[in-house]
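Below are the chains, spelled out letter by letter.
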Amino acid sequence: MPLPSTRPPGPSTSPTLQSKEWMKHPLDFLDSCAKQYGDNFTVELGSLGLTVFLSHPEAIKQLLSLPSHAYECHQYNQTYRSLMGDEALFLSDHQPHKRKRRLLMPSFHKERVKQYGEDIKQIVEEITQDWGMGQTIVIRPLIHEISLRVILKIIFGSISNPLSQVLRQLFKLAISKDFGSWSPWRRLEQRRSQLCQLIRAEIKTRRETENQSTDLLTMLICAEDEEGNLLSDAEIEDHLFTLLIAGVAPTAVALTWALYWIHENPSVKSTLVQEVRSLGTDFEALALTKLPYLTATYQEALRICPVLAAPSGRKLTQSVDIMGYHFETGTTLIPCIYLLHQREDLYSNPHLFQPERFLNHQYAPYEYMPFGGGNRLCLGSALAQLELRVVLGTILSHWDLENTNLEEVRPMRHGTVIAPSDAMQVTIVNKVS
Ligand code: HEM
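Bear in mind the structure is a predicted one, so any value in this text is a computation, not a measurement. (Residues numbered from 1 in each chain as written. Predicted model: local features only at pLDDT ≥ 70, side-chain atom pairs only at ≥ 80, totals over all residues.)

J.: Looking at this model, I keep getting lost on the overall build of the protein. Mind explaining?
T.: Along the protein, the regular secondary structure elements total 18 helices and 12 strands. Taken over C-alpha atoms, the radius of gyration comes to 22 Å for the protein, in line with the 22 Å a tight globule of 433 residues would show. In terms of its C-alpha atoms, the protein occupies a principal-axis envelope of roughly 70 × 55 × 35 Å. Considering the protein as a whole, with its 433 residues, one finds that 41% of them fall into the buried category. Restricting to contacts in the protein with at least 6 residues of sequence separation, those with at least 24 account for 72%. (Helix = DSSP H or I, 4+ residues; strand = E, 2+ residues; numbered from the N terminus. Rg over C-alpha atoms; globule rule 2.2 N^0.38 Å. Buried ≥ 20, exposed ≤ 12 C-beta atoms within 10 Å, placed from the backbone. Contact = placed C-beta atoms within 7 Å.)

Here it is in structure tokens:
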């Protein structure tokens with residue numbers, strides 16, 4: 001017999017007020033709801049309507065184990081449509097979503113992304129080569145530039161071709177001017193059709209010539225679905241925009257948080273620096289992937305400040321029972337990464353930055369999920385983790401830095417990600433020769 005329709009309790013304030021708090025102070029809003037209502041709670045968020053946040057690992061496991069036809073995510077991601085395009089992965093569900101993932105996945109396989117290790121190391125060394133003693137570096141633009149160059153290199157095979165150059169300039173403008181607003185990519189949106197013309201011309205040239213390159217754009221041009229159909233130009237454009245948007249900012253934010261936490265905790269910094277420098281100064285990028293404390297450090301940074309506090313909402317297309325609740329069709333459920341990572345029963349002293357917890361314990365997928373989970377698990381997680389290791393390892397192997405923040409660094413909403421406030425900066429204390 002089906003359970004009667006139920007949902008967990010939640011605030012009784014007006015939906016307008018709840019949406020405002022969720023947009024302006026997302027982490028405070030989540031903390032206060034969890035404190036008052038427990039593991040799972042219901043809020044009312046403007047056009048999203050009634051939304052249930054789940055932070056109990058068993059509830060999250062049950063939600064993410066549902067068959068993909070039991071829910072949809074496109075409603076939650078509509079704000080991306082004008083930027084990523086109608087064919088974007090974030091706006092697809094069910095079979096079309098599966099098909100797109102199947103076509104994109106080979107480019108992001110763990111073994112394949114390993115080849116980018118040396119490129120990432122070289123990009124970091126190029127960008128930091130002119131640093132001088134005593135110089136103060138504002139972290140966010142620097143790390144965004146690294147992350148942007150990495151994605152452009154992977155997609156187009158080069159950072160210096162004309163298309164990469166145009167995209168680099170536009171992204172820089174978007175990041176420096178628009179970042180921090182609720183719609184961080186407005187400037188890029190306005191130039192989308194112009195950029196699409198350039199991308200289309202590049203696709204045409206590559207289709208017409210004997211193309212030997214192995215970059216991601218070529219892989220997409222050559223990719224065939226199960227019926228042997230090639231991707232259309234529009235699909236390729238939308239995938240490129242998706243990867244640029246989904247790939248650059250989250251990785252840059254994760255790296256910025258990691259640098260912040262490392263330099264706030266002298267004992268972590270000293271253990272990490274010792275481990276990284278045991279490789280000497282002339283090491284291969286992939287050697288960094290074998291360092292346990294470096295791995296534990298970025299994992300802890302992604303735990304304490306997950307870039308996405310909450311991934312896409314799942315709007316149910318059928319009624320579902322989860323942990324004693326009976327949710328009706330149309331209810332939106334969100335697996336809350338931030339609250340999951342703050343649970344005392346999983347992480348003792350969750351507010352403390354302690355990489356050691358990852359050395360001593362293997363967390364299950366529904367206890368630790370900075371890259372989401374289920375059928376929408378982050379497509380770029382292997383690349384992001386390689387980038388975290390190589391960027392942090394390369395910087396720490398060559399430089400001694402100190403946090404010299406202008407004021408207290410706070411988590412701020414930047415579009416959908418939770419980033420450190422712009423107060424974060426470091427000063428260069430020493431170059432290791
Ligand atoms: C540290 C860096 C990153 C973090 C923390 C992160 C986190 C996430 C999370 C939590 C999701 C799930 C969203 C959801 O369930 O709605 C996601 C999805 C996605 N991510 Fe990442 N991501 C990172 C880097 C990247 C990179 C480097 C790329 C690609 C270049 C990428 C591409 C994507 C794509 C395409 C999706 C959508 C997957 C789908 O809907 O099937 N991400 N990411």
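J.: Help me understand the site of the ligand, please; the structure alone is not making it clear to me.
T.: Near the ligand, the surroundings consist of 25 residues, among which Gly247, Pro311, Gly372, Cys378 and Gly380 are the closest. Contributing elements (two or more residues each) for the shell around the ligand: α13 (233-264) and α18 (381-398). Considering only residue class, the shell around the ligand consists of 17 nonpolar, 6 polar and 2 charged. (Near = placed C-beta within 6 Å. Nonpolar A, V, L, I, M, F, W, Y, C, P; charged D, E, K, R; others polar.)

J.: Any chance you could explain the sheet that holds strand β1 (residues 40-45) here in plain terms?
T.: Paired through backbone hydrogen bonds, the strands of a sheet run either parallel or antiparallel to each other. Taking strand neighbours across the sheet as the criterion, the 5 strands line up as β1-β2-β8-β5-β3 in an open arrangement whose pairing is mixed. Edge positions in the open sheet fall to β1 and β3 (71-72), since each of these has one partner strand only. Relative to strand β8 (residues 332-335), strand β5 (residues 314-316) is paired through 2 bridges, and the arrangement is antiparallel. Residue pairing for β8: Lys315 is matched across the bridge by Thr332. Across the sheet, helix α3 (residues 57-64) lies against β1, β2 (49-54), β5 and β8, angled at about 120° from β8, the strand it touches most. (Pairing = 2+ DSSP bridges. Axes fitted to C-alpha atoms, helices over the stretch in contact; angles between N-to-C directions.)

J.: Just checking my understanding: could you explain helix α14 (residues 266-277) for this structure?
T.: Helical periodicity: at 3.6 residues per turn, an α-helix aligns residues three or four positions apart in one direction. Taking 1.5 Å per residue as the helical rise, α14 with its 12 residues ought to reach 16 Å, and the 16 Å between its terminal C-alpha atoms agrees with that figure. Residues of α14 that are buried include every one of Val268, Leu272 and Val276, and no others. Down the axis of α14, the buried set is contained in an arc of 55°. They therefore lie on one face. Pointing more than 90 degrees away from the buried face of α14 are the exposed residues Pro266, Ser267, Ser270 and Gln274. Summarising the contacts, the buried residues of α14 are in contact with α13, α15 (292-304) and α18. (Expected span 1.5 Å × (residues − 1). Arc of directions from axis to C-beta.)

J.: Would you take a moment to explain the environment of Gln95 for this structure?
T.: Structurally, the position occupied by Gln95 is in helix α5 (residues 94-104). Taking the number of C-beta atoms within 10 Å as the measure of exposure, Gln95 has 10 and is therefore exposed. Residues Gln95 and Lys35, spaced 60 residues apart in sequence, show a C-alpha to C-alpha distance of 39 Å.

J.: Hey, could you run me through helix α7 (residues 117-128) in this one?
T.: The terminal C-alpha atoms of α7, which comprises 12 residues, lie 17 Å apart, in line with the 16 Å expected from a rise of 1.5 Å per residue. Restricting attention to buried positions, one finds in α7 the residues Ile120, Lys121, Ile123 and Val124. In an axial view of α7, the angular spread of the buried residues amounts to 160°, which keeps them on one side of the axis. Facing away from the buried surface of α7 by more than 90 degrees, the exposed residues are Glu125 and Glu126.

J.: Hey, could you run me through the pairing of strand β11 (residues 417-420) in this one?
T.: A regular strand places its side chains on the two faces of the sheet in alternate fashion. Across 4 bridges, the pairing between strand β10 (residues 411-414) and β11 is antiparallel. The residue bridging Pro411 from the neighbouring strand is Pro420, located in β11. Between β10 and β11, which pair antiparallel in sequence order, lie 2 residues; one of them, Gly415, sits at a positive phi of approximately 65°.

J.: Can you walk me through the packing of α13 against α15 in this structure?
T.: Packed helices, taken two at a time, are described by their axes: the angle between them and the distance between them. Viewed as axis vectors pointing N to C, α13 and α15 meet at an angle of 105°, and their least axial separation amounts to 9 Å. Compared by their axis directions, α13 and α15 come out roughly perpendicular. On α15, the residues that touch Ala254, Trp257, Ala258, Trp261 and Ile262 of α13 are Thr297, Tyr298, Ala301, Leu302 and Ile304. Within the contact of α13 with α15, the residues separate by chemical class into 9 nonpolar, 1 polar and no charged. (Parallel < 35°, antiparallel > 145°, perpendicular 65-115°, else oblique.)

J.: Just checking my understanding: could you explain unusual backbone geometry for this structure?
T.: Working note: non-glycine residues mostly have negative phi, and peptide bonds are mostly trans. Even without a glycine there, the phi angle at Met323 is positive, about 45°. One can find Met323 in the loop between β6 (320-322) and β7 (325-327). Accessibility expressed as a C-beta count within 10 Å gives 15 for Met323, which makes it partly exposed. Positive phi, normally seen in glycine, also occurs at Asn349, with a value near 45°. By the element assignment, Asn349 lies in the loop between α16 (337-341) and α17 (356-360).

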